[in-house]
Structures are given as structure tokens and as C-alpha cells.
Amino acid sequence: MNRKEFVKLGLALPLLNLYSKHVRGMEQMLPTVKDDFVWGVSTAAYQIEGGYNADGKGLSIWDEFVKIKGKIKNGDTGNVACNFYDLYENDIELLKLLKIPAFRLSLSWPRIFPNGIGTSNKKGVDFYHKVIDKCLKNDITPWITLYHWDLPNDLELKGGWTNRDIVSWFGDYVDFCTTEYGDKVKNWMVLNEPLSFTGAGYFLGLHAPGKKGIKNFLAAAHHAALCNATGGVIAKKNVTDGNIGTTLSCSWIEARSKTSKDVKAAKRYDAIINRFFTEPLIGLGYPIDTIPSLKKIHDYYKPGDETKLQFDFDFLGIQNYTREIVKHSIKMPIVWGKTIPPEKRSVDFTANDWEVYPEGIYKLLQKFDAYKKFKKFYITENGASFKDVISDGKINDTKRTEYLKSYIKSVLKAKEDGINVKGYFVWSFLDNFEWAEGYDQRFGLVYVDYLTQKRTIKDSGLWFSKYIAGF
Ligand code: BGC
């Protein structure tokens with residue numbers, strides 16, 4: 001679908017309804033923020049771009065992983081996704097119409113370096129120049145993640161994250177990108193959720209590249225942690241006046257009972273989910289005190305690594321969706337614990353079975369603030385998947401709006417209580433390719449019809465737009 005067709009398909013129509021009666025009054029009693037708080041939406045390259053082999057792009061581990069039968073729900077792939085590769089101008093205009101000031105996107109490493117290292121791909125490099133320029137022209141501040149899980153497949157063939165050489169491959173990539181775009185882009189995030197891509201990709205085999213086992217995990221995790229800090233150092237050096245951070249997936253963890261077994265299991269969960277990639281950055285190393293079996297990670301150490309794991313980021317990006325209740329279990333190695341699904345706990349939950357627990361985002365901000373080492377925080381992802389129904393060209397997604405309101409309220413309470421949280425990004429701008437869930441889960445403020453590529457702003461998107469425009 002080309003640009004003209006896209007517009008013809010009625011993009012303008014929902015925008016006319018932007019302040020429709022239906023939406024008026026949805027802006028419940030949320031506090032307003034009048035300072036430099038950043039409001040934005042988040043996306044990731046593989047989840048929205050499509051154009052998987054366009055204009056000299058190399059294949060990523062996800063381009064390969066989706067080919068394996070049974071790995072992705074309904075056999076979906078990100079080959080086309082939201083076709084942001086062709087429709088980026090329209091999508092950025094849509095952001096402008098929604099008055100969204102900040103747009104978080106990621107760079108596809110294999111679009112820029114088809115083989116991961118070596119010669120860059122001019123058309124890929126130019127694509128991101130065009131995206132950035134279009135944002136800037138529309139007064140939208142781009143926030144760029146350097147790595148959101150789409151490793152060049154050629155590097156995976158050399159061991160990917162389990163190969164220590166990745167520290168220099170990644171360093172060169174970061175050096176190139178921050179030099180190339182650093183004059184225009186000031187806000188950078190080095191990694192998206194290192195625990196997710198090493199845990200799901202190298203331990204559980206649920207995400208690309210589908211590797212399993214503790215050895216793969218520990219090697220990949222240590223190298224990712226080294227890349228996190230190394231990438232930070234390089235970005236800081238290259239970007240004048242840069243705001244350099246990284247992002248971590250965090251969940252509020254509680255034990256099912258007060259028994260020592262459950263309490264210990266919850267502590268181990270917390271150590272893996274909330275501390276594993278946080279504490280090495282500030283010189284505390286990995287949480288081996290809580291999970292002694294993690295000691296094996298030292299097999300991958302080289303002299304000087306304690307120092308190389310540290311970097312004083314300008315900010316930490318907190319990504320939170322839910323809370324986990326944990327009980328002891330002998331089935332899951334390392335953490336020796338199991339989460340209890342929300343269905344069994346009489347609590348609200350989303351379409352992908354995540355408990356709605358807005359208090360958790362407040363408690364997590366408090367938890368990270370208590371380290372007294374992080375200068376500031378942004379919520380770089382928060383949002384919800386619910387089953388969306390189109391009726392009369394509208395999507396009345398009240399549950400998503402209520403979810404967002406409740407989490408934003410919690411974030412703003414943390415701010416009021418003195419925590420230096422400086423921004424909030426909704427996951428996600430558009431419905432998109434939700435990894436192993438394919439297109440089954442929809443997190444967007446904007447609905448995407450994947451057959452026609454028509455965009456329809458959901459009521460949650462209209463609400464968010466109206467809410468932030470009020471500042
Ligand atoms: C990831 C996104 C993902 C979202 C919802 C985050 O962990 O960064 O890529 O789509 O959660 O599952």
C-alpha cells in the first residue's frame with residue numbers, strides 16, 4: 001500500500017473525531033504536569049517496520065526464527081508488520097496530529113549493517129535519517145533504542161550474544177550510529193530489556209534465536225551486561241549534550257505466602273527480574289548472594305570486567321506492565337519458583353494474562369530510587385493488550401484507557417513524592433508484531449488492520465492525546 005492509498009483509506013476520518021463527544025469527559029481526575037516531563041509512545045524496529053529484506057537489509061535472528069514452525073502464534077512473521085518502512089511519513093504525521101511530543105523507536109542493526117559488522121548499507125542508514133528528519137520537522141523528539149532484539153543473523157552464526165566478540169561488534173555499531181545521528185538525536189537507550197532477550201532467547205528458547213540452557217544464558221547475559229555499559233560509554237562520548245540511558249524490564253514481585261520457601265523463591269525472582277542487569281551497572285555485581293548458582297557467570301569474566309560492567313547512565317528506563325506472585329517450585333531451575341497466574345487470584349488482568357497492578361510501578365520507582373545511584377528515571381514502556389472490537393469505525397477500548405490512567409496516576413504520585421521520574425512512554429504507538437504471540441496481542445493506541453494497513457485511532461489514543469495536550 002502506498003502513501004496516497006493510505007491517506008485515502010480514511011486516516012483523516014478518525015482524527016476529525018479527535019475531540020468527539022464520545023471522548024470528552026474521559027480525562028478523569030489525573031494530576032497535570034507542567035514542567036519538562038516527557039510524554040511519548042514507544043515502538044521497536046522489528047515489530048513495526050516490515051521491509052525485512054528491502055534495500056539491502058540483512059536478515060536478523062527474528063527473520064530466521066519466524067520461519068521455524070510452531071515458534072510464532074498462527075505462523076505470523078514481521079516481514080511486513082505495520083509497514084512503517086514505507087508508511088513512516090504518514091505515521092509520524094499521525095503522531096503529530098495526536099500531539100505526541102516524543103517518539104521512541106529502535107534502529108535495526110541489520111538494516112544498517114547487513115552482516116552486523118563491516119560495510120554499512122547506505123539505504124538503511126538513509127532510512128533512519130529520513131525518519132529522524134521527519135520527526136524533527138514535526139516537532140517530535142526521537143528517542144532511539146540501539147538494540148531491541150533484532151541481532152544480525154550473521155553474528156548469530158558466530159555465536160551471537162554467547163560470543164564475547166559481541167562486545168566489540170556492538171561497540172562498533174553503537175559508535176557508528178551515535179556518530180551518524182548524534183547531532184540530531186540526543187536521547188538514546190543502549191539496550192531494550194537485556195533480561196528478556198537473553199532469558200527468552202538463550203535460556204528458554206521461546207524467542208530468537210531459540211537457544212536454551214544455563215550456559216548459553218549466562219554467557220549471553222554477561223556479554224549483554226558488558227555491552228550495556230560499553231554502549232553507554234561510547235554514546236556518551238559521541239553525543240554532545242546527550243541524554244544516555246538504557247532500559248530494563250521490571251515487575252513487582254511478591255511471595256504467595258509467608259513461608260520461608262515462598263519468600264526465598266520470591267527473592268530469587270526479584271533478583272533475576274529486577275536486580276540482575278541493574279546492580280552490575282552500579283558496581284554491585286550480579287545478585288549471587290541471593291542466587292548462588294549464578295556464580296557460574298564468572299566463568300565468562302575476564303580481568304577488569306567488574307569495572308567494564310559499570311556505567312553512570314544519565315537515566316534508567318523502567319519498563320513495567322505487571323506484578324508477579326511467586327511460589328516455591330522445583331520445576332524452574334535458577335529461581336526455583338513459579339508465578340501464579342492472575343486467573344487464579346481473582347484480580348484484573350489483560351488479554352495476555354498480565355495482572356493490572358498500578359501500585360507496582362510506584363513501588364518499583366521507589367525500589368530503584370532507593371539505590372541512590374540513578375540520576376533520573378523514565379517509564380520507557382507501559383501499556384496493555386486487550387481484545388479490540390471495531391464498531392462504526394471506532395474502538396471503544398475503555399479497559400486500556402483505564403489501565404493507562406491508573407498507571408500514569410501512580411507514576412505521577414511517585415514524582416510528587418520526590419522521585420526524579422521525568423517521563424512516560426506508552427507501549428505502544430501502533431498495534432504490532434508481538435514476538436512469539438504474533439499479531440494476536442494488540443497493545444497500540446492506534447489499531448492496525450494488517451490486511452489494508454489502515455490505522456484507526458482507538459479511544460485510548462484519543463484520550464492520551466487529549467490528556468497530554470492539556471499541559
Ligand atoms: C518489549 C516489547 C513488547 C512489550 C509487550 C516489552 O517487554 O520491550 O517489545 O512488545 O514488552 O510484550
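Residues numbered from 1 in each chain as written. Predicted model: local features only at pLDDT ≥ 70, side-chain atom pairs only at ≥ 80, totals over all residues. Heavy atoms only, no water.

Regarding the overall build of the protein chain
Then, number 1: A count of helical and extended segments in the protein chain gives 15 helices and 13 strands.
Then, number 2: Whereas a compact globule of 471 residues would reach a radius of gyration of roughly 23 Å, the protein chain reaches 21 Å, a difference of no more than 12%.
Then, number 3: With the C-alpha coordinates aligned to their principal axes, the bounding extent of the protein chain is approximately 60 × 55 × 45 Å.
Then, number 4: Taken over 471 residues, the protein chain has a buried fraction of 61%.
Then, number 5: Looking at the protein chain as shown, the accessible area adds up to about 18700 Å², and 53% of this sits on carbon and sulfur atoms. (Helix = DSSP H or I, 4+ residues; strand = E, 2+ residues; numbered from the N terminus. Rg over C-alpha atoms; globule rule 2.2 N^0.38 Å. Buried < 20%, exposed > 50% of the residue type's maximum accessible area, 1.4 Å probe, protein only. Areas by Shrake-Rupley, 256 points an atom, 1.4 Å probe, with all protein chains shown as cover.)

Re empty space enclosed by the protein
Then, number 1: Across all of its chains, the model carries 2 cavities of 30 Å³ or more by this definition.
Then, number 2: Of the volumes computed, that of the largest cavity is approximately 60 Å³.
Then, number 3: As for the largest cavity, its lining consists of Ala 45, Tyr 46, Glu 49, Gly 50, Tyr 52, Lys 57, Ser 60, Asp 63, Gly 78, Ser 108, Arg 111 and Asp 150.
Then, number 4: Broken down by class, the residue content of the lining of the largest cavity amounts to 3 nonpolar, 4 polar and 5 charged.
Then, number 5: Taken as a whole, the second largest cavity spans an internal volume of roughly 50 Å³.
Then, number 6: As for the second largest cavity, its lining consists of Glu 193, Pro 194, Leu 195, Leu 248, Ser 249, Ile 273, Asn 274, Arg 275, Phe 276, Phe 277 and Thr 278.
Then, number 7: Among the secondary structure elements, those contributing two or more residues to the lining of the second largest cavity are helix H9 (194-202), strand S5 (243-255) and helix H11 (260-275).
Then, number 8: Here the lining of the second largest cavity gets 3 residues from one element, more than from any other, and that element is H11.
Then, number 9: When grouped by side-chain class, the residues that make up the lining of the second largest cavity number 6 nonpolar, 3 polar and 2 charged. (1 Å grid on protein atoms, 1.4 Å probe; cavity = no way out; pocket = protein on both sides within 12 Å on 5 of 7 lines; lining within 4 Å. Points joined across faces, edges and corners; volume = space filled by probe spheres on them. Nonpolar A, V, L, I, M, F, W, Y, C, P; charged D, E, K, R; others polar.)

Topic: the packing of H9 against helix H10 (residues 214-238)
Then, number 1: Remark: H9 packs on H10, axes separated minimally by 9 Å, with the N-to-C direction vectors making an angle of 155°. On the basis of their axis angle, the class for H9 and H10 is roughly antiparallel. Handedness of the crossing formed by H9 with H10: right-handed. Contacts between H9 and H10 involve Pro 194, Leu 195, Phe 197, Thr 198, Gly 199 and Tyr 202 from the first element and Asn 216, Phe 217, Ala 220, Ala 221, Ala 224 and Asn 228 from the second. (Axes fitted to C-alpha atoms, helices over the stretch in contact; angles between N-to-C directions. Parallel < 35°, antiparallel > 145°, perpendicular 65-115°, else oblique. Left-handed = near helix turned anticlockwise from the far one by under 90°. Contact = heavy atoms within 4.5 Å.)

Describing the environment of Glu 89
Then, number 1: Mapped onto the secondary structure, Glu 89 falls in helix H4 (residues 84-97).
Then, number 2: For Glu 89, a relative accessible area of 27% gives the class partly exposed.
Then, number 3: Each C-alpha atom of the pair Glu 89 and Thr 43 lies 15 Å from the other, and the pair is 46 residues apart in sequence.

Describing H4
Then, number 1: Taking 1.5 Å as the rise per residue, H4 with 14 residues should run 20 Å; its terminal C-alpha atoms sit only 17 Å apart, a clear shortfall.
Then, number 2: Along H4, the sharpest change in direction is near 35° and occurs at Asn 90.
Then, number 3: Within the span of H4, buried status applies to Phe 84, Tyr 85, Leu 87, Tyr 88, Asn 90, Asp 91, Ile 92, Leu 94 and Leu 95.
Then, number 4: Where H4 ends, the next residue or the one after it, Lys 99, has phi of about 60°, a positive value. (Expected span 1.5 Å × (residues − 1). Bend = angle between axes of the 7 residues up to and from the residue.)

Observations concerning the pairing of strand S2 (residues 102-106)
Then, number 1: Extensive coverage of S2 is indicated by the burial of 5 of its 5 residues.
Then, number 2: Burial along S2 is two-sided: the residues Ala 102, Arg 104 and Ser 106 and Phe 103 and Leu 105 are all buried.
Then, number 3: Relative to S2, strand S1 (residues 38-42) runs parallel, the two sharing 3 bridges. Directly across from Val 41, in S2, lies its bridge partner Phe 103. (Pairing = 2+ DSSP bridges.)

Examining the confidence of the model for the protein chain
Then, number 1: Looking at the protein chain, pLDDT values average 94 and 93% of them are 70 or higher.
Then, number 2: Low confidence marks residues 6-27, where pLDDT is under 50. Its contacts with residues over four positions away, or in another chain, come to 41 contacts. (pLDDT = per-residue confidence, 0-100.)

What to know about the site of the ligand
Then, number 1: As a matter of local geometry, the ligand sits amid 13 residues, with Gln 47, Asn 192, Glu 193, Glu 381 and Glu 434 nearest to it.
Then, number 2: With respect to the ligand, the side chain of Trp 435 contributes an N or O atom lying 2.9 Å from an oxygen atom.
Then, number 3: Protein contacts shield 94% of the accessible area of the ligand, which totals 310 Å² for the unbound molecule.
Then, number 4: Here the shell around the ligand is built from residues that sort into 6 nonpolar, 4 polar and 3 charged. (Near = heavy atom within 4 Å. Polar contact = N/O pair within 3.5 Å; in protein donor to acceptor, adjacent residues only side chain to side chain.)

Some words on helix H14 (residues 398-416)
An α-helical turn contains 3.6 residues, so a residue and the one three or four places further along point in the same direction.
Then, number 1: For H14, with 19 residues, the first-to-last C-alpha span of 27 Å sits near the 27 Å given by 1.5 Å per residue.
Then, number 2: A positive backbone phi angle near 100° is found at Gly 418, which sits one or two residues after H14.

Side note on unusual backbone geometry
Leaving glycine aside, a negative phi is the common case for residues, and trans is the common case for peptide bonds.
Then, number 1: Backbone torsion omega between Ala 208 and Pro 209 reads 5°, so that peptide bond is classified as cis.
Then, number 2: Residue placement: Pro 209 occurs in the loop between H9 and H10.
Then, number 3: Look at the link from Trp 427 to Ser 428: it is a cis peptide, with omega at 15°.
Then, number 4: Structurally, Ser 428 is set in the loop between strand S11 (421-427) and strand S12 (446-449).
Then, number 5: For Asn 74, which is not a glycine, the phi torsion comes out positive at approximately 60°.
Then, number 6: Take Asn 74: it is sitting in the loop between helix H3 (61-65) and H4.
Then, number 7: Owing to a relative accessible area of 62%, Asn 74 belongs among the exposed residues under this scheme.
Then, number 8: Its identity is not glycine, yet Trp 435 carries a phi of approximately 50°, on the positive side.
Then, number 9: In this fold, Trp 435 is placed in the loop between S11 and S12.

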